[in-house]
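The residues making up each chain are set out below.
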Amino acid sequence: MKMFKTILLLLCISIMPSCSSDDSNNNQGDNNSFFTKIDGEDFDADFASGFVTTFNTTITISGSDGNGKEVTLIFPITATAGSTYTIQSLDFVASYNADENDVSMANSEGSITITSHDTDDKRVSGTFNFVTEPVMVGSSNGYTFTEGSFNVTYTEL
């Protein structure tokens, strides 16, 4: 099951749109927001975006600082307000890229709660928390994410 999550995560990361300083998906341009505390330190993403996967079954939300740090959440497109997903289910995947050599993925601790989901406007918001473990061989970093929140418009790829 862990291998499936890793493969799914790497697939989603590989198709994510890249961010740049003139990206139209930044927080200021479309009122997207993404915040969390990483090991107690504030991470207020400069860029927040969302998209629906090719198979139209999951939504991927990401927040990045524009310097290579990115938090990614993946959950079902059928998520409704009030839905809570835990790490134990395959419905919720979370990861953190601190840099190209420091990639970690949520382990057995954590959840995401959808607080609103407007499928007509393709806008979703929620809260989350989780703990990650290193994915890459030789990396020893795991992280704790608390007080996470997002409010993002997503697009279909």
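The structure this text deals with has already been given above.
Here is what the cut-offs are and how they apply
Residues numbered from 1 in each chain as written. Predicted model: local features only at pLDDT ≥ 70, side-chain atom pairs only at ≥ 80, totals over all residues. Heavy atoms only, no water. Buried < 20%, exposed > 50% of the residue type's maximum accessible area, 1.4 Å probe, protein only. Helix = DSSP H or I, 4+ residues; strand = E, 2+ residues; numbered from the N terminus. Pairing = 2+ DSSP bridges. Phe/Tyr/Trp six-rings, centres within 6.5 Å; stacked < 30°, edge-to-face > 60°. Lys, Arg positive; Asp, Glu negative; His and termini not counted. Salt bridge = Lys/Arg side-chain N within 4 Å of Asp/Glu carboxyl O. Polar contact = N/O pair within 3.5 Å; in protein donor to acceptor, adjacent residues only side chain to side chain. Core = buried A, V, L, I, M, F, W, Y, C linked by side-chain atoms within 4.5 Å.

Participant: Quick rundown of the pairing of strand β3 (residues 47-52)? Include the residues and the values.
Facilitator: Counting buried residues in β3 gives 6 out of 6 residues, a clear majority hidden from the surface. Where β3 and strand β10 (residues 144-156) come together, 3 bridges link them in parallel fashion. The partner of Val52 across the bridge, within β10, is Glu156.

Participant: Run through the packing of aromatic side chains, naming residues and quoting values.
Facilitator: Inspection of every chain in the model, using the stated rule, returns 8 aromatic pairs. Geometrically, the ring pair formed by Tyr96 and Tyr143 is edge-to-face, given 4.9 Å between the ring centres and 80° between the ring planes. Of this pair, Tyr96 sits in strand β7 (residues 93-99) while Tyr143 sits in the loop between β9 (123-134) and β10; the two residues are 47 residues apart in sequence, bridging distant segments of the chain. Residue Tyr96 shares its accessibility class with Tyr143, and that shared class is buried. Centroid distance Tyr96 to Phe145: 5.3 Å. Interplanar angle 70°. Geometry classified as edge-to-face. With Tyr96 in strand β7 and Phe145 in strand β10, this pair connects stretches of sequence that are 49 residues apart.

Participant: Before we move on, can you summarise the side chain of Glu70 with the specific residues and values?
Facilitator: Within the secondary structure, Glu70 is located in strand β5 (residues 70-76). For Glu70, which is buried and forms no salt bridge, the nearest opposite charge comes from Lys69, at a distance of 13 Å. Here Ser62 takes part through its side chain, which lies 3.4 Å from a polar atom of the side chain of Glu70.

Participant: Pulling in residues and values, what's your account of the nonpolar core?
Facilitator: Of all hydrophobic cores here, the largest spans 29 residues; its most connected members are Phe34, Ile61, Leu73, Phe75, Ile112, Phe130 and Phe150. Where this core is concerned, the elements lending two or more residues are β1 (33-38), β3, β4 (58-64), β5, β7, β8 (102-118), β9 and β10.

Participant: Please set out the pairing of β5 residue by residue, giving values where relevant.
Facilitator: Counted residue by residue, β5 has 7 buried out of 7 residues, so it is predominantly covered. Here β4 pairs with β5 via 7 bridges, running antiparallel. Within the sheet, the bridge partner assigned to Thr58 lies in β5 and is Pro76. Bridge count between β5 and β7: 5 bridges; the pairing is antiparallel. Paired with Glu70 across the two strands is Asn97, which belongs to β7.

Participant: Describe the pattern of salt bridges, naming the residues involved and giving the relevant values.
Facilitator: Counted under the stated rule, the structure contains 3 salt bridges. Lys37 is the partner of Asp42 in a salt bridge, and the nearest nitrogen-oxygen pair spans 3.9 Å. Relative accessible area serves as the criterion here: at 57%, Asp42 is assigned to the exposed category. Two residues, Lys37 and Glu147, come together in a salt bridge whose shortest N-O distance is 3.9 Å. Residue Lys37 is located in strand β1, and its partner Glu147 is located in strand β10; the two are separated by 110 residues in the primary sequence. Within this structure, Lys37, Asp42 and Glu147 form a network of salt bridges that share partners.

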